[in-house]
Amino acid sequence: MEENNSEINVDELMHTIREEVVKRQVYSQQINSESNLDTSKLKLSISYIETFLKNAESRSSLRIKWPEKLNHFPFNLSAKLQKLILKAFNFIFKDQREVNFNIINSLRESVVLNHQLIGQIATLKAQADNRIQSLDERIVTIDNSIQGIDNSLNAIDSLISSWLTGIQKNLDTLNMQVQGIDENLSIGDARIAKLNEHLITTESHLVTVDTRIQEINERCIRNDSYLKNDLMQQKRLITLFLEEAKKCLPEPFSQEQLQAFVNEDTHFLDAFYAALEDQFRGSREEILERLKVYLPLIEEAKVGTDESPILDVGCGRGEWLELLEESGYTSRGLDINKVMVEQSRSRGFEVIEADVMVYLQSLPDRSLGMVTGFHIIEHLTFPTLMKFFTEVVRILKPGGLAIFETPNPENILASSCNFYFDPTHQNPLPSSMIKFILEMQGLEQVKVINLHPYPEAYKVIGSEIAERFNDHFYGPQDYAVIGYKL
């Protein structure tokens, strides 16, 4: 409303309309008076003209009678002489008389036309008077309407003013309420900020607690697995003892039975070693992802069929057997750890429980397409390692291959620390030495693949010395040696 009032002033508009109405009324009256005056003047002028025309007509006619004014001396001539003078006069002014007569006729016609024009003017005046009167009446009506509109606008203006006053009061009240709400919101924001800080602190504590719970849970799972495996081992030993006791009672144990008990002593740490693998080997998913690097070698060699099966020595938890089975290859595993053998068999894999050398020596020549061993050769003494490689070459078919993965001693952290996480490890094995042994045993195209370097975040950025430092400390943690029997 305030913006509209600033653009249109109603009072000024009404004042302007009233002035315009008064001007038109005065103008109408002036036109009436002027038109009446002009018409009377025209009629008077025309009457003067008609009088002049009558006088001119009498003077322009033929002179047949001597003027009365000339009957006195010295113009009182005889009748004949008067006629003679009249004839001479008429003859002399004949042309002038004709001109005067034509002028008079023209003026008469002009007077007639003027009478007609005056009549038409009177008619038009009457029509104009009627229209002006109608306009005056309409102007009066408009003036009354404007007066009514003015009164209505004044009432509306008063009403709007009262509304605006009420609205302004309401706005002031609302502003006070909004100000109070803003203050309350500020207080609420401060409380929420404090609560948020408290929640962040609590969340941090919860994350810490969750991490500790997860660690405890993992530890409990490992301990539970270890205890279960150990109890199974103890149960198996007790069962074996009871069965042997039933056979010999009431006689004492024989030498063969006692030797069987002694042989079982080698499996005393099977449950512990299974738990050790779970702790330091890495998760099953991580190992599966690492082993995928070898699948293209199997595809290239065309092994893993029923005629050229794959043997995984020291199969452990069976990750490689799982990957081979998913890829559609024929394979079986070999391990001496009873706990791990049971774990792999529980997953449906074919696993033989036997000493590696005893089992390999039992296999015929050229019976396997591929022999693999992941982190197995570092467990063997050097004489056993040499015999192991000899047997591997013997049982491989022509075109077959062998893959052995082991910790990389060129990595100082791996060879000086991580290697000894497993107390059954013998010695770190340099890749060049293993490559040389396999070549001496008869494998061809022997190559070394470096594997599993530390993430880039561990490495030092800088000079050539920094790069050499990275190679020795954060380089490949493992390597694989691959050889073919041609």
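Numbering of residues starts from 1 in each chain and follows the order in which that chain's sequence is written. For a predicted model such as this one, the threshold for reporting local features is a pLDDT of at least 70, and the threshold for listing and counting side-chain atom pairs is 80 or more; totals across whole chains, interfaces and linings nevertheless cover every residue. Side-chain descriptors were evaluated using all non-hydrogen atoms of the structure, hydrogens and water having been removed beforehand.

Draft legend 1. Spatial organisation of the overall build of the protein. The secondary structure content of the protein amounts to 15 helices and seven strands. Residues classed as buried in the protein amount to 31% of the 486 residues present. Contacts are assigned to residue pairs with any non-hydrogen atoms lying within 4.5 Å of each other. Restricting to contacts in the protein with at least 6 residues of sequence separation, those with at least 24 account for 75%. With residues, only the protein chains shown are counted as cover, and all accessible areas are computed by Shrake-Rupley using a 1.4 Å probe. As presented, the protein carries roughly 32,100 Å² of accessible surface, and 58% of it is formed by carbon and sulfur atoms. The secondary structure listing takes helices from DSSP runs of H or I that are at least 4 residues long and strands from runs of E that are at least 2 residues long, numbered from the N terminus. Only protein chains enter the accessibility calculation, which uses a 1.4 Å probe. A residue is then buried if its area is under 20% of the maximum for its type, exposed if over 50%, and partly exposed in between.

Draft legend 2. Representation of a nonpolar patch on the surface in the model. Exposure above 30% relative accessible area and no salt bridge define the residues that can form patches, which grow by joining like charges within 9 Å and nonpolar side chains of Val, Leu, Ile, Met, Phe, Trp and Tyr within 5 Å. What makes a salt bridge here is a side-chain nitrogen of Lys or Arg within 4 Å of a carboxyl oxygen of Asp or Glu, nothing more. Where nonpolar side chains cluster on the molecular surface, the patch consists of Leu-159, Trp-163, Ile-167, Leu-171 and Leu-174 and spans about 480 Å² of accessible area. Looking at where Leu-174 falls in the secondary structure, it is placed in helix α4 (residues 94-248).

Draft legend 3. Fine view of the packing of helix α7 (residues 284-291) against helix α9 (residues 319-326). Here α7 crosses α9 at 60°, and the two axes come no closer than 9 Å. As far as their axial angle goes, α9 and α7 are oblique. Crossing angle aside, the handedness with which α7 passes α9 is right-handed. Contact with α7, carried on its side by Arg-284, Ile-287, Leu-288 and Leu-291, involves Glu-319, Trp-320, Glu-322 and Leu-323 of α9 and no other residues of that element. Gly counts as polar in this scheme, as do all residues outside two lists: the nonpolar Ala, Val, Leu, Ile, Met, Phe, Trp, Tyr, Cys and Pro, and the charged Asp, Glu, Lys and Arg. Grouping the constituent residues of the contact of α7 with α9 by class yields five nonpolar, no polar and three charged. Structural elements are reduced to axes, namely lines fitted to C-alpha atoms, with helices fitted over the stretch in contact, and the angle between N-to-C directions of any two is expressed from 0 to 180 degrees. Each angle gets one of four labels, with under 35 degrees taken as roughly parallel, over 145 as roughly antiparallel, 65 to 115 as roughly perpendicular, and the rest as oblique. Definitions for this section: a left-handed crossing has its near helix turned counterclockwise from the far helix by less than a right angle. A right-handed crossing has that turn clockwise.

Draft legend 4. Fine view of the side chain of Asp-335. For Asp-335, the location among the structural elements is in strand β2 (residues 331-335). The sign given to each residue is positive for Lys and Arg and negative for Asp and Glu; His and the chain ends receive no count. No salt bridge is formed by the buried Asp-335; the nearest opposite charge belongs to Arg-317, separated by 9.8 Å. Any pair of N or O atoms that falls within 3.5 Å is considered a polar contact. Within protein, one atom must be able to donate a hydrogen and the other to accept it, and sequence-neighbouring residues count only if both atoms are side-chain atoms. A polar atom in the side chain of Asp-335 sits 2.9 Å from the backbone nitrogen of Gly-316. Those residues in contact with Asp-335 that sit more than four places away from it in its chain are Gly-314, Cys-315, Gly-316, Val-341, Ile-352, Glu-353 and Ala-354.

Draft legend 5. Spatial organisation of the packing of helix α12 (residues 382-395) against helix α14 (residues 431-441). Their axes nearest at 9 Å, the elements α12 and α14 cross at an angle of 45°. By the angle between their axes, α12 is oblique relative to α14. α12 and α14 meet at a crossing whose hand is right-handed. Packed against α12, whose contacting residues are Phe-382, Leu-385, Met-386, Phe-389, Thr-390 and Val-393, the element α14 presents Ile-434, Ile-437, Leu-438 and Gln-441 at the interface. Looking at the contact of α12 with α14, its residues break down into eight nonpolar, two polar and no charged.

Draft legend 6. View of the packing of aromatic side chains. Each aromatic pair joins two rings of Phe, Tyr and Trp (for Trp, the six-membered one) with centres within 6.5 Å, and gets the label stacked for planes under 30 degrees apart, edge-to-face for over 60, and tilted for any other angle. This model, assessed by the stated rule, comprises twelve aromatic pairs. An angle of 80° between the planes, with centres 5.1 Å apart, marks the rings of Phe-419 and Tyr-420 as edge-to-face. By relative accessible area, Phe-419 is classed as buried at 2%. Taking 6.0 Å as the distance between ring centres and 70° as the angle between the ring planes, the aromatic pair formed by Phe-469 and Tyr-474 counts as edge-to-face. Owing to a relative accessible area of 33%, Phe-469 belongs among the partly exposed residues under this scheme.

Draft legend 7. Just unusual backbone geometry, in detail. Unlike most non-glycine residues, His-375 shows phi in positive territory, near 60°. Position of His-375 among the secondary structure elements: in the loop between β4 (368-374) and α12. The buried category is assigned to His-375, whose relative accessible area is 18%. Its identity is not glycine, yet Gln-445 carries a phi of approximately 50°, on the positive side. Inspection of the secondary structure assignment puts Gln-445 in strand β6 (residues 444-453).

Draft legend 8. Inspection of the sheet that holds β6 at higher detail. If you walk across this open sheet you meet the seven strands as β3-β2-β1-β4-β5-β7-β6, and the pairing is mixed. One side of each edge strand has no neighbouring strand; the edge strands of this open sheet are β3 (351-353) and β6. Sheet twist, expressed as the mean angle between neighbouring strand axes with direction ignored, is 15°. As paired strands, strand β1 (residues 310-313) and β4 are joined by four bridges and run parallel to one another. The residue bridging Asp-312 from the neighbouring strand is Thr-372, located in β4. Together, β2 and β3 form the strand contacts of helix α10 (residues 338-346), whose direction differs from that of β3 by roughly 160°. For two strands to pair, DSSP has to find at least two bridges joining them.

Draft legend 9. Just the nonpolar core, in detail. In plain words, nonpolar cores are sets of buried Ala, Val, Leu, Ile, Met, Phe, Trp, Tyr and Cys residues tied together by side-chain atoms within 4.5 Å. Counting residues in hydrophobic clusters, the biggest one holds 32 residues, and the most contacted among them are Ile-377, Phe-388, Phe-389, Phe-404 and Ile-434. Listing elements by their share of this core, those giving two or more residues are β1, α11 (356-362), β4, α12, β5 (396-407), α14 and β7 (476-484). If near-sequence neighbours (up to four positions away) are discounted, Phe-389 is found in contact with Ile-377, Phe-404, Ile-434, Ile-437, Leu-438 and Gln-441. Core analysis: the second largest hydrophobic core is formed by 22 residues, Tyr-294, Leu-297, Trp-320 and Leu-451 among them.

Draft legend 10. Broad picture of the pattern of salt bridges. Taken as a whole and assessed by the stated rule, the structure comprises twelve salt bridges. Note that Glu-299 and Lys-302 form a salt bridge whose closest N and O atoms lie 3.5 Å from each other. What makes Lys-302 exposed here is its relative accessible area of 59%. Members of the salt-bridge network, linked through shared partners, are Asp-365, Glu-391 and Arg-394.

Draft legend 11. Layout of the confidence of the model for the protein. On average, residues of the protein score 82 in pLDDT, and 76% of them reach the 70 mark or higher. Per-residue confidence from the predictor is reported as pLDDT, which spans 0 to 100. In this model, residues 1-6 is a region of pLDDT below 50 whose contacts with residues beyond four sequence positions or in other chains number two contacts.

Draft legend 12. Representation of the environment of Phe-272. One can find Phe-272 in helix α6 (residues 270-280). Considering only alpha carbons, one finds Phe-272 and Val-339, 67 residues apart in sequence, at a separation of 9.4 Å.

Draft legend 13. Fine view of the side chain of Ser-331. Within the element layout of this structure, Ser-331 appears in strand β2. On the basis of relative accessible area, Ser-331 is assigned to the buried category, the value being 18%. Among residues more than four places away in sequence, those in contact with Ser-331 are Ile-310, Leu-321, Leu-324 and Glu-350.

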